[in-house]
Amino acid sequence: MRRVALLCLLLALPAYGQADEPGTYAGRDASWWVGQLADEEAWKAARAALEKIGRPALEPLAEALTGKDPAVRKRALAVLRSLLVSKAPIVDHLVAALDPDDLRFTTDLLSLIQGTGPAAIPHLDTLVPYLACERRAAANLVRQLLYSLGPRADRVLPEVLMMAREGAAPARAMAVCAAIFLAPGSGEVVRAFGEVLPTAGDDDRKQLLFSAGSLRPDAPGYADLLARFSTSERP
């Protein structure tokens, strides 16, 4: 039995002095190693191999995120995270794998998407609704993405302002914070801030006041906003 195991190990290793072809490890391509993530005994070796393969493994790993096996999805996500994919062109796959029924997994995906920056702009229509996600960590990641994009993402401002007018108080506060990043000189954003702040909870209030520091003093209604609130609550 030991001899068989040793033989299998030797077959899995590249020949001495022989370099792997690009996109492969031990003579196997990235897709083959991704398939090994489903094996309870082999997945750790597969993870190590995929990390060595690097960038060519990104797409098959991203495709694995939409599979039905939760263990494979989790392992594929772990490898992607280790490969530091913040600038990798796989955001389409990450967005496609978002699952409202699995918010823990979705939050992990959003943490990767948040790091893709401008590559996420085509997917904002899908991402913005997560500002109202009941899992606050997920909502915060989308807010942070919009903060990093700023006015480059202002095409979703109407949707964000609509969220600021509707729904539960935490979601409205999250939407106003995001709107400030998108259009800090907008009178509509100033008005939304003034409407939401009085009904916000303590934590949301702190976040709103912090975000309001980005409002432009020349924004329409800004002076009136200052007059409405006490000194301690002014933006």
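Before reading further, recall that the structure is shown in the block above.
Residues numbered from 1 in each chain as written. Predicted model: local features only at pLDDT ≥ 70, side-chain atom pairs only at ≥ 80, totals over all residues. Heavy atoms only, no water.

A. Summary view of helix H11 (residues 169-182). Its 14 residues give H11 an end-to-end C-alpha distance of 20 Å, which sits within 8% of 20 Å, the value for a rise of 1.5 Å per residue. H11 sits mainly inside the fold: 12 of its 14 residues count as buried. Inspection of H11 places Ala171, Arg172, Ala173, Met174, Ala175, Val176, Cys177, Ala178, Ala179, Ile180, Phe181 and Leu182 among the buried residues, and these make up the whole buried set. On its buried face, H11 sits against helix H9 (136-149), helix H10 (157-165), helix H12 (187-196) and helix H13 (202-212). (Helix = DSSP H or I, 4+ residues; strand = E, 2+ residues; numbered from the N terminus. Expected span 1.5 Å × (residues − 1). Buried < 20%, exposed > 50% of the residue type's maximum accessible area, 1.4 Å probe, protein only. Contact = heavy atoms within 4.5 Å.)

B. Looking closely at the pattern of salt bridges. Summed over the entire model, instances satisfying the criterion amount to seven salt bridges. The residue Arg75 makes a salt bridge to Glu40 at a minimum N-O spacing of 3.0 Å. Note that Arg75 is positioned in helix H5 (residues 70-82) and Glu40 in the loop between helix H2 (30-35) and helix H3 (43-53), a separation of 35 residues in sequence. Between Arg155 and Asp125 there is a salt bridge; the shortest N-O distance is 3.2 Å. Remark: Asp125 occurs in helix H8 (residues 124-127) and Arg155 occurs in the loop between H9 and H10; sequence separation between them is 30 residues. Take Arg155: its relative accessible area is 42%, and that puts it in the partly exposed class. (Salt bridge = Lys/Arg side-chain N within 4 Å of Asp/Glu carboxyl O.)

C. Local environment of the side chain of Ser211. Inspection of the secondary structure assignment puts Ser211 in helix H13. For Ser211, a relative accessible area of 1% gives the class buried. With near-sequence residues (within four places) excluded, Ser211 lies in contact with Cys177, Ile180 and Phe181.

D. Spatial organisation of the environment of Phe210. Structurally, Phe210 is set in helix H13. Separated by 33 residues in the primary sequence, Phe210 and Cys177 place their C-alpha atoms 8.8 Å from one another.

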